[in-house]
Amino acid sequence: MDSRTIANPRRGAGIMAKLARDVQHNGYQALYEPAVSTAVTTVTSTEIMSESIHEALHLGTPFISVAKRGGSSLSQHRLSWFTGNNKARGLDGRALPDIAGWAIEQPDLDETGLPEDYELYDAMALLVQRGLAAECVVLHPDDSGKPRPVRYWAMPQLGLFVVCEGVPSKQEMLRDPAERWGVAYAWPQGRSSELHLIAFSKELMDAGYCYPLSVKFSSYCTDRALACLKAHERVLNVADKFREEAGEHIGAAYYAYALPIGVSPRSITAGKDAGKTKEIYYPFPVVPRQIDLQYLSSVAISRDQALLLEEDGRVERTVAWSVEKSRRIMAGNEASEVNDEDHPF
């Protein structure tokens, strides 16, 4: 399926945009103001004809084969979570509050030059224009401790279609390492806990970028991320009740609705040793107390989006991946950093 065929926002986009602008931005409010619309250049049919359309499109040329398209030529982009402990600045050089929330590192188009990255830039430009994202520079310390500037798109909130069949409780997963339904979770003895998942972003899919993203939480954010995933079950319970009343007796998929995750309204203290603690912002489910049909419509996956998410057995492959990845983390065979090549599809 051509990902570019899923480019038009659904009618619930306005509600999601309002929810995103209502959440805590931790000093980034000015960055997320909707940008002023710019003119769009259009090409008329007359201009197309004047450019020799037959030569440009090979009309009437009897090719003996049709080009095949394989899977993505890139590793999945990482959707990072920042806890408010990384220095940041605007593109104009002015200092910003330490970044908290979602962020995607901007790929170097001169290095990759691949269509997926161009589609990501186009989609993020729309999110920036709508006030749902902002460009910034995050300062990462290098091996010598010097700040290394990296350009990101920062987002206070994203709705995630998590590729899984569901999420067992923490106790169930600790008791049985094979009890994984698409989300990898492990807490090795003497090390930090980890949670890994694969997701599509509703905002990015609506803007035309229909590729999966890899997500990792660790340490103090792990349980909070797990709580977000379990909070999504309340949405599914309400949806299934409405479906039952409408004559649908089979429950909806976990990814039938986007899970909006934003920045926690307050921080928690991480660490126990004196002088080594820090305040961190954690992932927080942005789900209304009263869930109605209007809300469900605003976060519902479209039929085309669901088909893309499910194609080639992606859900089943992700479930198998989550079991194996959890096992490797528990056995100490997994690097502490995210392996960008380690994903189920």
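What comes next concerns the included structure.

Negative phi is the rule for most residues except glycine; trans is the rule for most peptide bonds. One non-glycine residue with positive phi stands out, namely S219, at about 55°. Mapped onto the secondary structure, S219 falls in the loop between β8 (213-218) and α7 (220-245). Exposure remark for S219: the relative accessible area of 32% places this residue in the partly exposed category. The phi torsion at D312 lies on the positive side, around 60°, for a residue other than glycine.

Topologically, D206 is positioned in helix α6 (residues 202-206). Accessibility expressed as a relative area gives 4% for D206, which makes it buried. Side-chain polar atoms of D206 contact the side chain of K202, separated by 2.7 Å.

Strand direction decides the pairing type here: strand β1 (residues 77-89) and strand β2 (residues 95-105), joined by eight bridges, are antiparallel. Looking at β2, one finds that W81 is bridged to W102. Hairpin geometry of β1 and β2 is characterised by an intervening segment of five residues between the two adjacent antiparallel strands and by a positive phi of about 95° at G93. In the sheet, β2 pairs with strand β4 (residues 147-155) via four bridges, with the strands oriented antiparallel. Paired with E105 across the two strands is Y152, which belongs to β4.

Another aspect to go through is α7. With 26 residues, α7 extends 40 Å between its outermost C-alpha atoms, agreeing within 8% with the 38 Å of an ideal straight helix rising 1.5 Å per residue. Those residues of α7 lying buried are C221, T222, A225, L226, C228, L229, H232, V235, L236 and A239. Trailing α7 by a residue or two, G247 shows a phi angle of about 95°, which is positive.

This part takes up the packing of aromatic side chains. Each aromatic ring pair is described using two quantities: the centre-to-centre distance and the angle formed by the ring planes. All chains considered together, the criterion is met by six aromatic pairs. Plain terms: the ring middles of F82 and Y152 are 5.4 Å apart, the flat faces sit at 90° to each other, and that makes the pair edge-to-face. Here F82 is found in strand β1, whereas its partner Y152 is found in strand β4, with 70 residues between them in sequence. Each member of the pair, F82 together with Y152, is buried. Seen in terms of ring centroids, Y209 and Y211 are 5.0 Å apart; in terms of plane orientation they differ by 50°. Their pairing is tilted.

If the charged atoms of two oppositely charged side chains come close together, the side chains can form a pair. Following the criterion strictly, the structure yields 12 salt bridges and no others. Among the salt bridges present, the one from K202 reaches D206, with a minimum N-O distance of 2.7 Å. With K202 and D206 both in helix α6 and four residues apart, this pair spans about one turn of that helix. On the basis of relative accessibility, which here comes to 1%, the residue K202 falls in the buried class. Between E324 and R328 there is a salt bridge; the shortest N-O distance is 3.9 Å.

What counts, and where the lines are drawn
- Residues numbered from 1 in each chain as written.
- Predicted model: local features only at pLDDT ≥ 70, side-chain atom pairs only at ≥ 80, totals over all residues.
- Heavy atoms only, no water.
- Helix = DSSP H or I, 4+ residues; strand = E, 2+ residues; numbered from the N terminus.
- Buried < 20%, exposed > 50% of the residue type's maximum accessible area, 1.4 Å probe, protein only.
- Polar contact = N/O pair within 3.5 Å; in protein donor to acceptor, adjacent residues only side chain to side chain.
- Pairing = 2+ DSSP bridges.
- Expected span 1.5 Å × (residues − 1).
- Phe/Tyr/Trp six-rings, centres within 6.5 Å; stacked < 30°, edge-to-face > 60°.
- Salt bridge = Lys/Arg side-chain N within 4 Å of Asp/Glu carboxyl O.

Honestly, that's just the spatial picture; any functional story needs more than this.
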